[in-house]
Amino acid sequence: MNNEIEIDFLEPGLAIIISSLENIEAELKNNKELTFLLDDLNEVEELEDLAKLLTKLKSLEKQLLSEIKALNHLEEFDIVSDLQIATAMSDFLAADEFLFKFTELVETKDIVVTQENILEIFKEEIIKQVNKIYKEAISKLKNIYDNENEFMKVLKIATDESNLNDLREASKLMINLLKIERAVSEEKKYEILAILNKAESLINLIDIWSQYEIDFEEE
């Protein structure tokens, strides 16, 4: 695939990043670096430029988190969540990640390429990735939650869930359970949230991707 087509293919992921960062910009108000970054992301057309902008986002992550916490906002959890979703998706848009490999997989499939069948292949791959994230999370969280904890019960079910709607509901439920969690520190809570938002960003990607009409034919 050429650069232009790959940009089109990855545009839904970029839309998630932009939307999340715009939510943060609305709260921080005077962060010029973030505003300039958003302007550039809205105009990006080449993969090389996109990679540079995503690297810039990663370099701003700690600063943005610090500024968000300094707000002492009642909805800090949700604003941090926006930042985590943006950075998680920026990681997934890296050239060595599975989304780029998926564009190569599409070209090797012996099928008539249409929006419908590409979306189905895409859903299958996303669900596998989300299951993998949740399975890795269990090993990381087993020393924090016991097996009877409601959060862990949902997490374990989600590791093998193949229905996208059920995965979506499980993701939302776990994030909401974590939001009201009082037994772990704020730092640990945000570490857990970052794991959940990796999965959440991919689930959101399917929803947005399905709304796009992408031309898979090279000119």
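Residues numbered from 1 in each chain as written. Predicted model: local features only at pLDDT ≥ 70, side-chain atom pairs only at ≥ 80, totals over all residues. Heavy atoms only, no water.

1. Points about the overall build of the protein chain
Okay, step 1: Counting its secondary structure elements, the protein chain contains nine helices and zero strands.
Okay, step 2: Along the chain direction, N to C, the helices and strands of the protein chain fall in the order α-α-α-α-α-α-α-α-α.
Okay, step 3: The buried share among the 219 residues of the protein chain stands at 45%.
Okay, step 4: Considering only contacts in the protein chain between residues 6 or more positions apart, those separated by 24 or more positions represent 70%.
Okay, step 5: Taken as a whole, the protein chain presents about 11,800 Å² of accessible surface, with 46% of it coming from carbon and sulfur. (Helix = DSSP H or I, 4+ residues; strand = E, 2+ residues; numbered from the N terminus. Buried < 20%, exposed > 50% of the residue type's maximum accessible area, 1.4 Å probe, protein only. Contact = heavy atoms within 4.5 Å. Areas by Shrake-Rupley, 256 points an atom, 1.4 Å probe, with all protein chains shown as cover.)

2. So, the packing of aromatic side chains
Okay, step 1: Counted under the stated rule, the structure contains two aromatic pairs.
Okay, step 2: For the pair Phe77 and Tyr190, a centre-to-centre distance of 6.3 Å together with 40° between the ring planes defines the contact as tilted. Of this pair, Phe77 sits in helix 4 (residues 76–92) while Tyr190 sits in helix 9 (residues 186–209), placing them 113 residues apart in sequence. One exposure class covers both Phe77 and Tyr190, and it is buried. (Phe/Tyr/Trp six-rings, centres within 6.5 Å; stacked < 30°, edge-to-face > 60°.)

3. As for a negative patch on the surface
Okay, step 1: Together, Asp39, Asp40, Glu43, Glu45, Glu46 and Asp49 give the surface a local cluster of negative charge.
Okay, step 2: In terms of residues, the negative patch owes the most to one element, helix 2 (residues 32–43), which gives three residues.
Okay, step 3: Inspection of the secondary structure puts Glu46 in the loop between helix 2 and helix 3 (47–70). (Patch = residues over 30% accessible without salt bridge, like charges linked within 9 Å, V, L, I, M, F, W, Y side chains within 5 Å. Salt bridge = Lys/Arg side-chain N within 4 Å of Asp/Glu carboxyl O. Lys, Arg positive; Asp, Glu negative; His and termini not counted. Charge placed at Lys NZ, Arg CZ, Asp CG, Glu CD.)

4. A word on the side chain of Asp82
Okay, step 1: Looking at the element boundaries, Asp82 is found in helix 4.
Okay, step 2: Of the side chains with opposite charge, Lys172 lies nearest to the buried Asp82, which makes no salt bridge, at 9.3 Å.
Okay, step 3: Among the polar contacts made by the side chain of Asp82, one reaches the side chain of Asn23 at a distance of 3.4 Å.
Okay, step 4: If we ignore the near neighbours within four places in the chain, the residues touching Asp82 are Ser20, Asn23 and Ile24. (Polar contact = N/O pair within 3.5 Å; in protein donor to acceptor, adjacent residues only side chain to side chain.)

5. A few points about the confidence of the model for the protein chain
Okay, step 1: Of all residues in the protein chain, 85% attain a pLDDT of 70 or more, and the chain-wide mean is 87.
Okay, step 2: Of all the helices and strands in the protein chain, helix 5 (residues 98–108) carries the lowest mean pLDDT, 68, while helix 4 carries the highest, 97. (pLDDT = per-residue confidence, 0-100.)

6. Quick look at the packing of helix 2 against helix 3
Helix-helix packing is characterised by the crossing angle of the two axes and by the distance between the axes.
Okay, step 1: Running from N to C, helix 2 and helix 3 point in directions that differ by 155°, and their axes come no closer than 11 Å. The pairing of helix 2 with helix 3 is recorded here as roughly antiparallel in orientation. Pair helix 2 / helix 3 crosses with left-handed handedness. Contacts from Glu33, Leu34, Leu37, Asp40 and Leu41 of helix 2 reach helix 3 at Leu50, Leu53, Lys56, Leu57, Leu60, Gln63 and Leu64.
Okay, step 2: Looking at the contact of helix 2 with helix 3, its residues break down into eight nonpolar, one polar and three charged. (Axes fitted to C-alpha atoms, helices over the stretch in contact; angles between N-to-C directions. Parallel < 35°, antiparallel > 145°, perpendicular 65-115°, else oblique. Left-handed = near helix turned anticlockwise from the far one by under 90°. Nonpolar A, V, L, I, M, F, W, Y, C, P; charged D, E, K, R; others polar.)

7. Describing the nonpolar core
Okay, step 1: The biggest cluster of nonpolar side chains holds 67 residues, and the ones touching the most others in it are Leu21, Tyr134 and Phe151.
Okay, step 2: A total of eleven residues in this core trace back to one element, the largest contributor, which is helix 9.
Okay, step 3: With residues near it in sequence (within four places) discarded, Tyr134 still touches Leu155, Ala158, Thr159, Leu167, Ser171, Met174, Leu196, Ala199 and Ile203. (Core = buried A, V, L, I, M, F, W, Y, C linked by side-chain atoms within 4.5 Å.)

8. Topic: the packing of helix 4 against helix 9
Okay, step 1: The contact between helix 4 and helix 9 brings their axes to 8 Å, and the two run at 55°. Between helix 4 and helix 9, the angle is such that the two are oblique. The two elements helix 4 and helix 9 cross, and the hand of that crossing is right-handed. Here Glu76, Phe77, Val80, Ser81, Gln84, Ile85, Ala88, Met89 and Phe92 of helix 4 come into contact with helix 9, specifically with Glu186, Lys189, Tyr190, Leu193, Ala194, Asn197, Lys198, Glu200, Ser201, Leu202, Asn204 and Leu205.
Okay, step 2: Counted by class, the contact of helix 4 with helix 9 contains eleven nonpolar, five polar and five charged residues.

9. As for the pattern of salt bridges
Okay, step 1: Overall, the coordinates contain twelve salt bridges when judged by the stated rule.
Okay, step 2: For the salt bridge of Lys188 with Glu191, the shortest nitrogen-to-oxygen distance reads 2.9 Å. Taken together, the positions of Lys188 and Glu191, both in helix 9 and three residues apart, correspond to about one turn of that helix.

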